[in-house]
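# Structure assessment
For reference, the chains in residue letters:
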Amino acid sequence: YRPLTDFIITNNPHLQDHTITSMWESTVRREEYRTAYAELWNSTSSDANGNGLVDVILCPATPSAAPKLDTARYWGYTAQWNLLDYPAVVFPVSKVGDSDAGNNGEGYTPRNSKDEYNWQLWDKYGAKGYMDAPISLQLVGRRYEDEKVLRALEFIKEETGLPYVPYT
């Protein structure tokens, strides 16, 4: 296992063995969640014809700049979309540069143990250790709308001039 996979499998309090019955029960709960989320997304429409419906969601991909190899420990920004089976694309919007070197976190208090772990990585390696690491966002679309997500990414690139490399 890579370290993140090992961390998820060995340190995940929600990991459990399933019987056929419990697996089906989990599948039903997952499908109920997917239905509720789709209904929530549908509720963003301004009318019964679907006008004004949210096309894509722009959100963080990670809690920090791209992590150093084998240091990633948090998958919460992407696991939601995996559970929902929603397409997502991650793209760089910036990178760690010299101007970040002065960020020593003075007065910063981590919000929880996961945040503290990420902060300790920054404290350990600093801007020099992360120099040129991408800072990324992700676009998420609805199930089976992969092409719409990629079109939205093309639109963002055209409008902002972001230097991302498309997956083709």
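Everything in this summary refers to the structure shown in the same document. (Residues numbered from 1 in each chain as written. Predicted model: local features only at pLDDT ≥ 70, side-chain atom pairs only at ≥ 80, totals over all residues. Heavy atoms only, no water.)

Okay, the overall build of the protein chain next. Scanning the protein chain for helices and strands turns up five helices and three strands. Listed N to C, the secondary structure of the protein chain is α-α-β-α-β-α-β-α in terms of helices and strands. In terms of its C-alpha atoms, the protein chain occupies a principal-axis envelope of roughly 50 × 45 × 35 Å. Looking at the protein chain as a whole, 23% of its 168 residues qualify as buried. A separation threshold of at least 6 residues defines the contact pool for the protein chain, and within that pool the share at least 24 residues apart is 75%. In the structure as shown, the protein chain presents an accessible area of about 11800 Å², 53% of it carried by carbon and sulfur atoms. Separation between the mean location of the 16 positive side-chain charges and that of the 23 negative ones in the protein chain comes to 4 Å. (Helix = DSSP H or I, 4+ residues; strand = E, 2+ residues; numbered from the N terminus. Buried < 20%, exposed > 50% of the residue type's maximum accessible area, 1.4 Å probe, protein only. Contact = heavy atoms within 4.5 Å. Areas by Shrake-Rupley, 256 points an atom, 1.4 Å probe, with all protein chains shown as cover. Lys, Arg positive; Asp, Glu negative; His and termini not counted. Charge placed at Lys NZ, Arg CZ, Asp CG, Glu CD.)

For the rest of this paragraph, the subject is unusual backbone geometry. One non-glycine residue, aspartate 132, lies in the positive phi region at around 70°. Relative to the helices and strands, aspartate 132 resides in the loop between helix H4 (113–130) and strand E3 (134–140). Take aspartate 132: its relative accessible area is 46%, and that puts it in the partly exposed class. In this model, tyrosine 144 sits at a positive phi of 70°, which is unusual for a non-glycine residue. Looking at where tyrosine 144 falls in the secondary structure, it is placed in the loop between E3 and helix H5 (146–160). On the basis of relative accessible area, tyrosine 144 is assigned to the exposed category, the value being 65%.

Listed in full, the eight residues of the largest apolar core are Tyr37, Ala38, Trp41, Cys59, Trp81, Leu84, Tyr86 and Val140. For this core, the secondary-structure elements that each account for two or more residues are helix H2 (20–42) and helix H3 (76–84). The biggest single contributor to this core is H2, with three residues. Discounting residues that sit within four places of it in the chain, tyrosine 37 has contacts with Ile57, Gln80, Trp81, Leu84 and Tyr86. (Core = buried A, V, L, I, M, F, W, Y, C linked by side-chain atoms within 4.5 Å.)

In this section: the side chain of arginine 34. Note on placement: arginine 34 falls in helix H2. A relative accessible area of 12% places arginine 34 in the buried class. Leave out the neighbours within four places in its chain, and arginine 34 touches Asn82, Leu83, Leu84, Asp85 and Arg143.

What follows concerns the environment of proline 13. Looking at the secondary structure, you find proline 13 in the loop between helix H1 (3–10) and H2. Among the residues examined, proline 13 registers a relative accessible area of 70% and is labelled exposed. Expressed as a C-alpha distance, the spacing of proline 13 and aspartate 132, which sit 119 residues apart in the sequence, is 35 Å.

Bringing the packing of aromatic side chains into the picture now. Evaluated as defined, the whole model comprises 10 aromatic pairs. Ring centres 6.2 Å apart and planes at 50° place the aromatic pair tyrosine 33 and tyrosine 37 in the tilted group. Here tyrosine 33 and its partner tyrosine 37 are both found in helix H2, four residues apart, which amounts to about one turn of the helix. Judged by relative accessible area, tyrosine 37 falls into the buried class, the value being 17%. Seen in terms of ring centroids, tyrosine 37 and tyrosine 86 are 5.9 Å apart; in terms of plane orientation they differ by 75°. Their pairing is edge-to-face. (Phe/Tyr/Trp six-rings, centres within 6.5 Å; stacked < 30°, edge-to-face > 60°.)

A few words on the sheet that holds strand E1 (residues 57–60). The strand order across the open sheet built from three strands is E1-E3-E2, with neighbouring strands paired in antiparallel fashion. The strands lining the two open edges of the sheet, one partner per strand, are E1 and strand E2 (88–95). Taking the axes of each pair of neighbouring strands and ignoring which way they run, one obtains an average angle of 30° across the sheet. Sheet topology note: the E1/E3 ladder contains four bridges and is antiparallel. Pairing of isoleucine 57 across the sheet is with valine 140, part of E3. Lying over the sheet, H3 contacts E1 and E3, oriented at roughly 20° with respect to E3. (Pairing = 2+ DSSP bridges. Axes fitted to C-alpha atoms, helices over the stretch in contact; angles between N-to-C directions.)

All quantities given are derived from atomic positions and should not be read as evidence of function.
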